[in-house]
Amino acid sequence: METSDVQIFYQEDPEYQNLSQNSCPPSGCGKTFVSLLICEHHLEKFSQGQKGKVVFLANQIPVYEQQKSVFSKYFEKLGYRVTGISGETAENVPVEQIVENNDIVFLTPQILVNNLKNGTIPSLSVFTLMIFDECHNTSKQHPYNMIMFNYLDQKLGGSLDPLPQVIGLTASVGVGDAKNTDEAMDHICKLCASLDVSVIATVKENLEELEQIVYKPQKFFRKVESRTLDQFKFIVSQLMRETECLAKSIHGDLGKLFQIQNREFGTQKYEQWIVTVQKACMVFQMPDKDEERRICKALFLYTSHLRKYNDALIINEHARMKDALDYLKDFFSNVRAAGFDEIEQDLTWRFEGKLQELESVSMDPSKENPKLEDLCFILQEEYHLNPETRTILFVKTRALVDALKKWIEGNSKLSFLKPGILTGRCRTNQNIGMTLPAQKCILDAFRTSGDNNILIATSVADEGIDIAQCNLVILYEYVGNVIKMIQTRGRGRARGSKCFLLTSNADVIEKEKINIYKEKMMNESILSLQTWDEAVFKEKILRIQIHEKFIRDSQGKAKPVLDKENKKLLCRKCKALACYTADVRVIEDSHYTVVGDAFKKCFVSKPHPKPKKFCGFEKRAKIFCARQDCSHDWGIHVKYRTFEIPVIKIESFVVEDVATGAQRLYSKWKDFHFEKIPFDAAEMPRRL
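Model, not experiment: these values are computed from the prediction.

The rules behind these values
As a convention, each chain's residues are numbered from 1 in the sequence order in which they are written. Reporting in this predicted model follows two pLDDT cut-offs: at least 70 for local features of residues, and 80 or more for side-chain atom pairs to be given and counted; totals over whole chains, interfaces and linings ignore these cut-offs and use all residues. Side-chain metrics rest on all non-hydrogen atoms present in the structure, leaving aside hydrogens and water. A pairing counts as a salt bridge when a side-chain nitrogen of Lys or Arg comes within 4 Å of a carboxyl oxygen of Asp or Glu. Numbered from the N terminus, helices here are DSSP runs of H or I no shorter than four residues, and strands are runs of E no shorter than two. Exposure categories follow from relative accessible area, calculated using a 1.4 Å probe and restricted to protein chains: below 20% of the type maximum is buried, above 50% is exposed, and the middle band is partly exposed. Definition of nonpolar core: a set of buried residues of the types Ala, Val, Leu, Ile, Met, Phe, Trp, Tyr and Cys, connected through side-chain atoms within 4.5 Å. An automatic or database domain assignment supplies the residue ranges for each domain. For this analysis, residues touch if any pair of their heavy atoms sits within 4.5 Å. In this analysis, strands are considered paired if DSSP registers two or more bridges between them. Within 6.5 Å between ring centres, the rings of Phe, Tyr and Trp (the latter by its six-membered ring) count as paired, and their orientation is classed by plane angle as stacked under 30 degrees, edge-to-face over 60, tilted in between. Expected helix span is computed as 1.5 Å times (number of residues minus one). Throughout, the bend at a residue refers to the angle made by two axes, fitted to the seven residues ending there and to the seven starting there. Polar contact criterion, stated in full: a pair of N or O atoms within 3.5 Å, where within protein one must be able to donate a hydrogen and the other to accept it, and residues adjacent in sequence count only if both atoms are side-chain atoms. As a rule, the C-alpha atoms of each element are fitted with a line to give its axis, helices using only the stretch in contact, and angles between N-to-C directions run from 0 to 180 degrees. Under this scheme an angle from 65 to 115 degrees is roughly perpendicular, one under 35 degrees roughly parallel, and one over 145 degrees roughly antiparallel; angles in between are oblique. Following the grouping adopted for this structure description, the nonpolar residues are Ala, Val, Leu, Ile, Met, Phe, Trp, Tyr, Cys and Pro, the charged ones are Asp, Glu, Lys and Arg, and the polar ones are all others, Gly among them.

Caption draft 1: Representation of the pattern of salt bridges. Considering all chains together, one arrives at 43 salt bridges under this definition. Ionic pairing is found between Arg222 and Asp374, a salt bridge with its closest N-O pair at 2.7 Å. Pair noted here: Arg222 is in strand E8 (residues 218-223) and Asp374 is in helix H14 (residues 370-385), with a separation of 152 residues, a long-range link. Of the residues examined, Arg222 reaches a relative accessible area of 23% and is grouped as partly exposed. Residue classification places Asp374 among the buried residues on the basis of a relative accessible area of 15%. Measuring nitrogen to oxygen at the nearest pair gives 3.4 Å for the salt bridge that ties Asp657 to Lys567. Of this pair, Asp657 sits in strand E22 (residues 653-657) while Lys567 is found in strand E14 (residues 567-571), placing the two residues 90 residues apart along the sequence. Each member of the pair Asp657 and Lys567 is classed as buried. What emerges from the salt-bridge pattern is a single network uniting Asp153, Lys549, Arg552 and Asp553.

Caption draft 2: Main features of the nonpolar core. Phe232, Leu375, Leu379, Leu393, Leu404 and Tyr476 are the most contacted members of the largest nonpolar core, which has 70 residues in total. Top contributing element to this core by residue count: helix H11 (residues 289-318), with 12 residues. Here this core spans two domains, and each of domain 2 (218-225 + 368-520) and domain 3 (231-363) adds at least three residues to it. Beyond its immediate stretch of four places on either side in the chain, Phe232 contacts Ala312, Leu313, Asn316, Met321, Ala324, Leu325, Leu328, Leu358 and Val361. Grouped together as the second largest cluster of nonpolar side chains are 44 residues, Ile98, Tyr144, Met185 and Ile526 included.

Caption draft 3: Layout of the pairing of strand E16 (residues 584-587). Alternating positions in E16 separate into two faces, Val584 and Val586 on one and Arg585 and Ile587 on the other, with burial throughout. When E16 meets strand E17 (residues 591-594), the two strands line up antiparallel, connected through 4 bridges. By the bridge assignment for E17, Ile587 is matched with His591. Adjacent in sequence and paired antiparallel, E16 and E17 are bridged by 3 residues, among which Glu588 carries a positive phi angle near 55°. Bridge analysis of E16 against strand E24 (residues 677-678) gives 2 bridges, and the strand direction is parallel. The residue bridging Arg585 from the neighbouring strand is Ile677, located in E24.

Caption draft 4: Spatial organisation of the packing of aromatic side chains. Following the criterion strictly, the structure yields 28 aromatic pairs and no others. The interplanar angle of 35° and the centroid separation of 4.4 Å between the aromatic rings of Phe672 and Phe674 together place this pair among those described as tilted. For Phe672, a relative accessible area of 3% gives the class buried. An aromatic cluster is present here, built from Phe56, Phe71, Tyr74, Phe75, Tyr80 and Phe106 joined pairwise through their rings.

Caption draft 5: Summary view of helix H13 (residues 342-362). In a regular helix each residue adds 1.5 Å, so 21 residues correspond to 30 Å; H13 covers 29 Å between its end C-alpha atoms and thus fits that length. Maximum bend of H13: about 45°, positioned at Leu355. Among the structural elements, helix H9 (231-248), H11 and helix H12 (321-337) are those in contact with the buried residues of H13. Two or three places before Ile343, at the start of H13, stands the capping residue Asp341, its side-chain oxygen 3.2 Å from that residue's backbone nitrogen.

Caption draft 6: The packing of H9 against H13, seen in detail. H13 packs onto H9 with a crossing angle of 170° between their chain directions and a minimal axis gap of 10 Å. If you check the angle between H9 and H13, you find them roughly antiparallel. Where H9 abuts H13, its residues Gln231, Phe232, Ile235, Val236, Gln238, Leu239, Glu242, Thr243 and Leu246 lie against Asp346, Leu347, Arg350, Phe351, Lys354, Glu357, Leu358 and Val361. Partitioning the contact of H9 with H13 into residue classes produces 9 nonpolar, 3 polar and 5 charged.

Caption draft 7: Quick look at the packing of helix H10 (residues 268-282) against H11. One way to put it is that H10 packs onto H11 with a least axis distance of 9 Å and a crossing angle of 170°. Comparing the axis directions of H10 and H11 gives the class roughly antiparallel. Here Tyr270, Glu271, Ile274, Val275, Val277, Gln278, Cys281 and Met282 of H10 come into contact with H11, specifically with Cys296, Leu299, Phe300, Thr303, Ser304, Leu306, Arg307, Asn310 and Asp311. For the contact of H10 with H11, the residue count by class is 10 nonpolar, 4 polar and 3 charged.

Caption draft 8: Representation of unusual backbone geometry in the model. Phi angles above zero are rare outside glycine, and Glu134 is one such case at about 55°. Here Glu134 lies in the loop between strand E5 (129-133) and helix H6 (143-156). On the accessibility criterion, Glu134 (3% relative accessible area) is buried.

The following block contains the structure:
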């Protein structure tokens, strides 16, 4: 976020406009500083006997923690009570009492959505001010928009209960799919309607003074050539072609599934294609069910290997061959440790047959990635000019974060660097990602000490994280829309900051140049809207709100039909029967277990590598398909209250209709509209 670009959206209140236009926020805390002033003004305006209550909504946990810390230090000195609830703490605190007993409450938005839905927070009328950080996210089904749906239903439904003031803060509203200024203005008006705001405030009166304090990084584009000869890609591509042929030969009807025009190994397009093929293979059906299970399992294995090979080629494109090879070696090591049937043995044998050649190629210093050489040059140059440089290096994937960290640590030319990593939080039932304490620790080390002077990050660091010392931002094959461009560029806060976009793809540079044009179009649109007659603007906002509510209400009437017929859950890898939906029970509306002794025979468990407590559960083990030649991951084993129970994930299963035999895949339980029976302790066997 660049403070000179701060855009504040609010309902009409001239005093807020004066605050936002006349304030001169210091470097690295523009939105925070403005929101402090607005919040303080709001709380002070209540007469004796009345009381304001502020809810501050932050989308990302690191931003939530950062803003809560700043507000706590400031407002507790003034006698106000500040607290916060996030997904990490929501299960362990009485939300109703927390909201009631504090003046300023920080929430991640889903917490507010959940508590409005279950009635713990009766309505938004309990608040007098709502502040949305990074308010450009208020669209579609984002939790911000779900909150505002509730607000607008109350407003347009004629409720007499008072509604809170709404403030939205962002560095960039974006332009959506707009091709011109008129379309961009429409996009911004829709955002204003979603937030029920009638004023857009940007810094005007002190703009020159502000630009002397807040620094806009200088932008550089670096087009780098790819490897001229990539023997690693040649060998892996050969293995992929062999694997594709093996998959096609499983059954005569499968050839058409593997037909695609202009696909290329090692691309996102291939990843999307192979995922589509894999899903189609999972629901491939035959009269002979044993043959169906054999074929589906074989196809699962072949497509899984193709995905891993493709991942390795993407790593190879952006990092070292060695990192890509290590990724494959880890994968095949895990394959050996699981079912390791005849097909996996054959695929492993084929890989190991090329391993010596791959090892030789990956160790050849002449095959260094030109992009890494250029990245090394940029880092050497910038740290030579300023040894105190602090860098955020943005990359697209966690795998690339790990690869670049290893490359820096193993590169003698970059021995002056101390890399840290920042990635998204891990899912409850998975081992990937970073925990909240780990994120906080790495950010603190980067901000306040010399432990880390370069942070390699995924998109989790895009928005709102204030690191005033950061003076170098490198976008490594990293580009998105205009909002992402402004957000990532804005991580460089210090005087003389620079932002490099490094890529081997000319289209990436062209896309970023289009984003620069869209940023100009966005700013022109905002200036134009600020000249509109106030009554005309309000009327347009109201028309949009009424139209959007009509659409919501129309869609809301078409509720999904609850399917009460019994269904089978089949292992998504081997198609073995796991259980019936009649035996599935729902815990706290979001966790799914299976009752009865039959299911216990269908899975095996192994100690969880990262046991932890979450939401009233104690995660102890992972569960897998019991078939020795399968061992597909089905979920976790937990302690809940006094019970030891499995918790399964729907993405591990194929759902088959008992009556018709039709098969379907679901990625989320909420999309599977079967009759969900709540967990009942009385059904559990008594302990002797």
